[in-house]
Amino acid sequence: MKLSARDARDWIAKPRGDAPGTLIHGADAMRVALKRQELVANIAGPDAEEEMRITRIQGSDLRRDKALLADAVRAQGFFPGPRVALVEEATAQVGDPILASLADWRPGDAHVVVTAGTLKPASALRKGFESHRHAVAIAVYDDPPDRAEIERWIAEAEIPDPDRDALAMLTALAAEMGPGDFRQVLGKIGLYMHGTPGPTGAADVAACAPGSTEADLDDVLHAAADGRTAEIAPILTRLEAQGAQPVQLSIAAMRHFRLLHQAASDPGGAGAGIGRLRPPVYGPRRDALLRQAQRLGMYRLEEAIEILTDTDLTLRSAARVPQMALVERTLIRLSMMGRR
């Protein structure tokens, strides 16, 4: 079965004991790992690791020995309780033994949990889970967590009664940060507020949140695509201080502007093009990409890609040029394109 985001959240919170397996796949390894961690804990309980009721198998090991998973699914441990056979970093090469374990699964066997990177819809592994009557497939996208997920993480971090301003600030942080970093911030707030009856206010969140001087790579890309020329140099200065490399910035800019070009060149218009992006984009990021694609248009974006290609070739050549200055000049040129 293929689960929606809402159904996937419910499944991870209360997995069915009679289900043979769960596939969790997505481009962001951290997001996949967090979902896997929650699911395994909810299936096997908090003491499963100590009681040796979790068998971990790397995808590369399963490729060499295809019997590993079948043995782990049927094996009986010393301690009673639900068991999990976990296959991490699965690829197309190990689809057959995984699907065979699902077909041979019987009540009392270990629940098969499989994690993987991006899987195409035609992938045999993904299709096998999605078409199975009792196993499930969960796709994890790079979307900010929703309100219910944020509130659950807040409760797990034991943050006492966050008020409205604190919740709004945490929601904004969740949209800006990766899930792993965001949960670390929640852990810090929980420790900071330990022993305090609450409520938790915005000042308490600010005391534990990352400093505002930390520049995000996306900031400079959106500034260039939105035409906010004056913001580019200050953001690049902060990025350079954090150790960002010119080639890294060039690659990220190329990826961003190709995404915009893909949307802008769609026969149905930029809105339809944004809707066809995979993985899908939602919320503020979708609005920003749509606005940028409409502002620049297909032909200007083709020119932007040519400019970025020339910049990348120069950065990788033996030419002795001030590389960060070259990247800054390129981003400024791109930011001014929509004014012509």
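Conventions and cut-offs
Residues numbered from 1 in each chain as written. Predicted model: local features only at pLDDT ≥ 70, side-chain atom pairs only at ≥ 80, totals over all residues. Heavy atoms only, no water. Patch = residues over 30% accessible without salt bridge, like charges linked within 9 Å, V, L, I, M, F, W, Y side chains within 5 Å. Areas by Shrake-Rupley, 256 points an atom, 1.4 Å probe, with all protein chains shown as cover. Salt bridge = Lys/Arg side-chain N within 4 Å of Asp/Glu carboxyl O. Helix = DSSP H or I, 4+ residues; strand = E, 2+ residues; numbered from the N terminus. Buried < 20%, exposed > 50% of the residue type's maximum accessible area, 1.4 Å probe, protein only. Contact = heavy atoms within 4.5 Å. Pairing = 2+ DSSP bridges. Right-handed = clockwise from strand over helix to strand, strands pointing away.

Asks: It is not clear to me how a nonpolar patch on the surface should be interpreted in this structure. Could you clarify?
Replies: Together, Met52, Phe78 and Phe79 make up an exposed nonpolar region whose accessible area comes to about 410 Å². Assignment of secondary structure puts Phe78 in the loop between helix H4 (68-74) and strand E3 (84-90). Of the residues examined, Phe78 reaches a relative accessible area of 79% and is grouped as exposed.

Asks: Is there a simple way to explain the pattern of salt bridges in this structure?
Replies: Pairing between side chains becomes possible if they bear opposite charge and their charged atoms approach one another. What the rule picks out here adds up to 21 salt bridges. Across the pair Glu130 and Arg126 runs a salt bridge, and its minimum N-O distance is 2.9 Å. Of this pair, Glu130 and Arg126 both sit in helix H6 (residues 124-130), four residues apart, roughly one helical turn. On the accessibility criterion, Glu130 (23% relative accessible area) is partly exposed. Arg126 sits in the buried class, given a relative accessible area of 8%.

Asks: Looking at this model, I keep getting lost on the environment of Leu290. Mind explaining?
Replies: Here Leu290 is to be found in helix H15 (residues 283-316). Residues in contact with Leu290, not counting those within four places in the same chain, are Ala270, Gly271 and Ile274.

Asks: I keep staring at the pairing of strand E4 (residues 111-116) and nothing clicks. Help me out?
Replies: Along any regular strand the residues' side chains alternate between the sheet's two faces. With respect to burial, E4 is a largely interior element, six of its six residues being buried. Residue alternation in E4 divides its side chains into two sets, His111, Val113 and Thr115 and Val112, Val114 and Ala116, and both sets are buried. Pairing of strand E1 (residues 21-26) with E4 involves five bridges; the strand directions are parallel. Paired with Leu23 across the bridge in E4 is Val114. Bridge count for E3 against E4 is five bridges, and the pairing is parallel. Residue pairing for E4: Val84 is matched across the bridge by His111. Once the chain exits E3 it traverses helix H5 (residues 95-103) before rejoining the sheet at E4, and the crossover so formed is right-handed.

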